[in-house]
Each structure stands twice: as structure tokens, then as C-alpha cells.
Amino acid sequence: DTVGYRYLNITPLVDPNPEPPPKLKPFEVVLTKLEVADALAEQGSFEAATLELLAARAMLHTIQDPATRASLLSEVNRRWKAHDPIQKQHASTLKKSAVRLTILARTYLDSGLPFTARSILEEALRLDPEVPFEAWELTVQMMGD
């Protein structure tokens, strides 16, 4: 509680360096977004649910384990299909864009511009976490050599 005197207030001290909350792992963040999307869909907020699912999908490229990444992508797409009638068209467009960006990145890589190729592949990974992942790993390896 705060105690007040005529020209003086005394309040409890607040820790100037509070311990930060534990940082969630990428797959935990994606799972949280899936839960939020489910809750929004149950409330009838389908557009908000779709936006959460797209945000979760865009984060999948941060998950290194291919099996976990593929499983979560499947869950995102399943939930997305449940309430979005044009999901299939949207997902197809994302995949096609990722493929085209991957081809473009390969051209940059073959031209000796690995940093530009990596930047383009990171954009492609946000569109579709599966299509360019192997190409991205190869580019990172080449940059390390």
C-alpha cells in the first residue's frame, strides 16, 4: 500500500530488473496461435482466426525439425480449411509463389550472390515452410564455406 504524508508518499519498492518471462520455443508459439485461432473460430470470428493461422504458418520456417514442421503445417491447413471456403486456392497461390522465389534464389546463388539468395529464400519460407527449406539450408551451408 501507499502511505502519504504532507509532502511525501511512501510506496513499496518495485524490482527494477524483474525476471523476464520464459521465452517460448517456436513450436510453442505456433501451438498458442492455433489455440487462439480455434477460440476465434468458435466465436464466429473467422477472419481473425484465418489471420492467426496465417501468422502461425509464417512462423513454421523457424522450426528446424522437418517432422514437427510438417505436422504443424498439416494442423494449420486443417483448421484453416474448416472455416475458409477459398483456403485451397490461397494455399496453392502461396506454394506457387514460394516455388518461383526458390527458383529466383537459385539464380542468385548460381550468380555468386548467396546473401541475396538467402534473403529471397527467407521470404519464400514465410509463404510456404516446406518448398524452399532444403534450398535455404544449402544456401546457408554455402555461405559458411
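Residues numbered from 1 in each chain as written. Predicted model: local features only at pLDDT ≥ 70, side-chain atom pairs only at ≥ 80, totals over all residues. Heavy atoms only, no water.

Regarding the overall build of the protein
The helix and strand tally for the protein stands at 6 helices and 2 strands. Secondary structure elements in the protein, listed N-terminal to C-terminal, are β-β-α-α-α-α-α-α. Among the 145 residues that make up the protein, the fraction classed as buried is 28%. When contacts within the protein are restricted to residue pairs at least 6 apart in sequence, those whose partners lie at least 24 apart make up 53%. Summed over all atoms, the accessible surface of the protein reaches about 9900 Å², with 57% contributed by carbon and sulfur. (Helix = DSSP H or I, 4+ residues; strand = E, 2+ residues; numbered from the N terminus. Buried < 20%, exposed > 50% of the residue type's maximum accessible area, 1.4 Å probe, protein only. Contact = heavy atoms within 4.5 Å. Areas by Shrake-Rupley, 256 points an atom, 1.4 Å probe, with all protein chains shown as cover.)

With respect to the environment of methionine 59
Within the secondary structure, methionine 59 is located in helix α2 (residues 46-59). Once the C-alpha coordinates of methionine 59 and arginine 126 are considered, the two residues, 67 residues apart in sequence, prove to be 6.8 Å apart. Residues in contact with methionine 59, not counting those within four places in the same chain, are Val29, Val30 and Lys33.

Observations concerning the packing of helix α4 (residues 87-110) against helix α5 (residues 114-127)
It is at 8 Å that the axes of α4 and α5 come closest, and there the two elements cross at 170°. One element, α4, and the other, α5, form an angle in the roughly antiparallel class. Between α4 and α5, the contacting residues are Leu94, Ser97, Ala98, Leu101, Thr102, Leu104, Ala105, Tyr108 and Leu109 on the first element and Pro114, Thr116, Ala117, Ile120, Leu121, Glu123, Ala124 and Leu127 on the second. Residues belonging to the contact of α4 with α5 are distributed by class as follows: 13 nonpolar, 3 polar and 1 charged. (Axes fitted to C-alpha atoms, helices over the stretch in contact; angles between N-to-C directions. Parallel < 35°, antiparallel > 145°, perpendicular 65-115°, else oblique. Nonpolar A, V, L, I, M, F, W, Y, C, P; charged D, E, K, R; others polar.)

Quick notes on the packing of helix α1 (residues 26-42) against helix α3 (residues 66-83)
Running from N to C, α1 and α3 cross one another at 10°; their axes reach a closest spacing of 11 Å. Between α1 and α3, the angle falls in the class roughly parallel. Contact residues: α1 offers Phe27, Val30, Leu31, Leu34, Asp38 and Ala41, while α3 offers Thr68, Leu72, Glu75, Val76, Arg79 and His83. Of the residues assigned to the contact of α1 with α3, the class counts are 7 nonpolar, 2 polar and 3 charged.

Concerning the side chain of arginine 57
Of note, arginine 57 is situated in helix α2. For arginine 57, the residues in contact, after removing those within four places along its chain, are Leu73, Val76, Asn77, Trp80, Ala91, Leu94, Arg126, Leu127, Asp128 and Pro129.

Section: a nonpolar patch on the surface
On the surface, Leu104, Tyr108 and Leu113 cluster together into a nonpolar patch covering about 240 Å² of accessible area. Mapped onto the elements, tyrosine 108 comes out in helix α4. Given the relative accessible area of 31%, tyrosine 108 is considered partly exposed. (Patch = residues over 30% accessible without salt bridge, like charges linked within 9 Å, V, L, I, M, F, W, Y side chains within 5 Å. Salt bridge = Lys/Arg side-chain N within 4 Å of Asp/Glu carboxyl O.)

Thoughts on the nonpolar core
Of all hydrophobic cores here, the largest spans 15 residues; its most connected members are Val30, Leu53, Leu60 and Leu72. When contributions to this core are tallied by element, the ones reaching two or more residues are α1, α2, α3 and α4. Residues in contact with leucine 53, not counting those within four places in the same chain, are Leu34, Ala37, Val76, Arg79, Trp80 and His83. (Core = buried A, V, L, I, M, F, W, Y, C linked by side-chain atoms within 4.5 Å.)

Some points on the pattern of salt bridges
Scanning the entire structure with this criterion turns up 8 salt bridges. A salt bridge links aspartate 128 to lysine 95; the nearest nitrogen and oxygen atoms lie 3.9 Å apart. Residue aspartate 128 is located in the loop between α5 and α6 (133-144), and its partner lysine 95 is located in helix α4; the two are separated by 33 residues in the primary sequence. Here the salt bridges do not stand alone but share partners, grouping Asp38, Glu75, Arg78 and Arg79 into one network.

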